[in-house]
Each structure stands twice: as C-alpha cells, then as structure tokens.
Amino acid sequence: MRIVFLGTSGSMPTPRRSASAVAVRRKGEVILFDCGEGTQQRMVAARIGFRRPTRVFISHLHGDHVLGLPGLLMTMTMLRRERPLHLYGPQGLLSFIRAFSRVLDAPGFPLEVYEISGEGVVFAGSEYTVEAVRADHEGECWSYALAEHPRPGRFHPERARNLEVPEGPLWSRLQRGGDVVLEDGRLVRSSDIVDPPRRGRKLVYSGDTRPTEALAALADGADVLIHEATFDDSLAERATEDGHTTASGAAEVAARAHAGLLLLTHISSRYQDTSLLLEQATAVFPSTRVAEDLMEVEVPL
Ligand SMILES: [Zn+2]
Ligand SMILES: [Zn+2]
C-alpha cells in the first residue's frame, strides 16, 4: 500500500501545491481521498492509470476538494474507461455530478455515486473497509478510515507433517482457523499449525476539520494519519473560526490515537517554508512529516 499525495494545499493552489487529493495505490486499485482541481494532471505526473479499479471518497463539497472531478471524469472518458467508478461523499454530491455531466456529456462509463447518510462503514470489500465519521468543519464533512481485514496467520507445513495431518482439505480447514479430527481420533487445533492472524493496515484521512475526539477514536492504532494542518499554532483562533486545525492540534490527535505516522497536508498558501509547522507538530508527536505534492509514502505490512 503506497500513499501518493497529489495535492497538498489549503484552499488556494500555489505553484508547488495543488488542491487537495491523496491517492492510495493498493494491489492495482486506486483509492482517492478528495479530488481538488489539478488531480488529473498530478495523476499523470505520478503515473497513476485512469482505467484501474477506482474508488473516490470526497470529504466535503468545498471547491478545493471536488473541482478536480469534472476533469478526472473527462480524461477517463477520453481514455475510454469502461469500468465503473465508485464515488462516495456528502449529500449534494450527486447533484454536483449531474450539473456538470449534463453540460460535458460525460462520463462515458458507469458512475456509481453513494451519498453518505450516517456514520459507519460506507464500503465493505473482501480485503478492506472504509468507515466514515463526521468531521467538524463548515457543513457536512467526512473523515475516512481505510482498514484492511486481518490476514490469516502463517501456516507451518512442517508442523502439520509432524502431526501426520494428510495434505489436502484438512490443511485448508486448519489454515482457515478450523480444528480437525484425524482418522485415528486425534484432535489437531488450528493454533497448533497456524500463527495468530496478522493485523491489516489502517490509514485515516481527516478531510477539513477542527481536531475532534471522533477522529482520534477512528484513527486509534492507525499506521498512518493524514491530517489537515492549515495553520501554525500562532493562528489557532483563526483555525477554530474557519473549521481547521493547527500543526500541534493535528499532532495531538495523532498522539491520542497512538498513530504510527502523522502526515500533515492542506497547508495554507502563506507557508513557503513548512519548517515551523513541522517543528510545532513534532514537539507533540515526533513521528510527523509534512506532505509535498507527489510525495510517496509506503505503508509496510
Ligand atoms: Zn479545504
Ligand atoms: Zn473546506
């Protein structure tokens, strides 16, 4: 699983920072969180294909998070995408899509739009789920957690052979967690042969928000927390007023969540140099990096 930052600016794009979008590449699939203007150019630069299985999770309907959708859908149409695209987000997302689709005569492929009606799991796949909780911003805004299912523990064939379990269906049963009784009446437990399940990875994306308890709970034990940090701490009042978070505010959420790594994004255009943000965040939560456009972060198993 690899995170690719496509746009890391807060509200206003700058020459170095495009509007908000984060791609997660996982086994040939692309999972996008937000789709600010310029997303498709950044996807070209990052060599992310437009015909892959793709899900897009939109935090809220502010322009800096959704204006990339018309361009993205146009490009996908021109490249003759055929696969459906799955889009999730707040109420109103469907009317936004309809408004520009009518004019642009796009997309030319199936688009499935899910407007989120409440907190909880919004996508449940065979390998991971995506859960949404309410963010604290202007209007309806969602934070998302992508959590992989636990993976089965490692199977030890030599242990199975030592216990004289015949290879075949019984091995499969043990691998899936079931115990087996052999022909001679002996019971062999799955735990004798297979290690305990291994946890899956978890990645959380805040969207635009003031710091919230709900987000800290959602990010509990996350490998990576991608949190907005629009302002530095000297602008804490402004952050609260506008529904945003400061560098140390984001770090406090990461600390409460015991996250592995904090990645700061949605950086205000006032910061050419982000060392102040990094300094303030690392004072609270050392394992922090400030995202840059096209920065890639591998999330190991
Ligand atoms: Zn924003
Ligand atoms: Zn916003």
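Let us look at the structure shown here. Residues take numbers from 1 onward in each chain, read along the sequence in its written order. Both sets of labels track the order of writing: A upward for chains, 1 upward for ligands. Predicted model: local features are reported for residues with pLDDT of at least 70 only, side-chain atom pairs are reported and counted for 80 or more only, and whole-chain, interface and lining totals are derived from all residues. The side-chain values count all of the structure's non-hydrogen atoms but skip hydrogen atoms and water molecules.

**Quick word on the sheet that holds strand S1 (residues 2-7)**
Any two strands with at least two DSSP bridges between them are considered paired. By definition, any uninterrupted DSSP run of H or I lasting at least four residues is a helix, any uninterrupted run of E lasting at least two residues is a strand, and each is numbered from the N terminus. Here seven strands make up an open sheet; going across it, the order is S7-S6-S5-S4-S3-S1-S18 and the pairing mixed. At either end of the open sheet lies a strand with only one pairing partner, and these are strand S7 (111-115) and strand S18 (296-298). Each strand of the sheet is rotated relative to its neighbour by a mean of 20°, with strand direction disregarded. Looking at chain direction, S1 and strand S3 (residues 21-26) are connected through five bridges and run antiparallel. In the strand pairing of S3, Val4 is matched with Ala23. Any pair of residues with heavy atoms lying within 4.5 Å of one another is described as a contacting pair. Fitting a line to C-alpha atoms yields each axis, with helices limited to the stretch in contact; the angle taken between N-to-C directions then spans 0 to 180 degrees. In the packing of helix H3 (residues 69-78) onto the sheet, contacts are made with strand S4 (29-33), strand S5 (54-57), strand S6 (85-89) and S7, and the angle to S6 comes to roughly 170°. The strands touched by helix H4 (residues 93-104) within the sheet are S6 and S7, with S7 carrying the most contacts at an inclination of about 145°.

**Some points on unusual backbone geometry**
Despite not being glycine, Asp34 shows a phi value in the positive range, around 70°. Relative to the helices and strands, Asp34 is located in the loop between S4 and helix H1 (39-45). Of note, Leu294 is a non-glycine position whose phi angle comes to about 70°, a positive value. Looking at the element boundaries, Leu294 is found in the loop between strand S17 (288-290) and S18.

**Things to note about empty space enclosed by the protein**
Every definition here rests on a 1 Å grid over the protein atoms only: cavities are sets of points where a 1.4 Å probe fits but cannot get out, pockets are open sets enclosed by protein on both sides within 12 Å along at least five of seven lines, and lining residues have some atom within 4 Å of a point. Grid points are joined across faces, edges and corners, and a volume is the space filled by probe spheres set on the points. One pass over the full model with this rule turns up one cavity of 30 Å³ or more. Taken as a whole, the largest cavity encloses approximately 30 Å³ of empty space. Around the largest cavity sit Ser20, His65, Tyr205, Ser206, Gly207, Asp208, Glu228, Thr265 and His266, which together line it.

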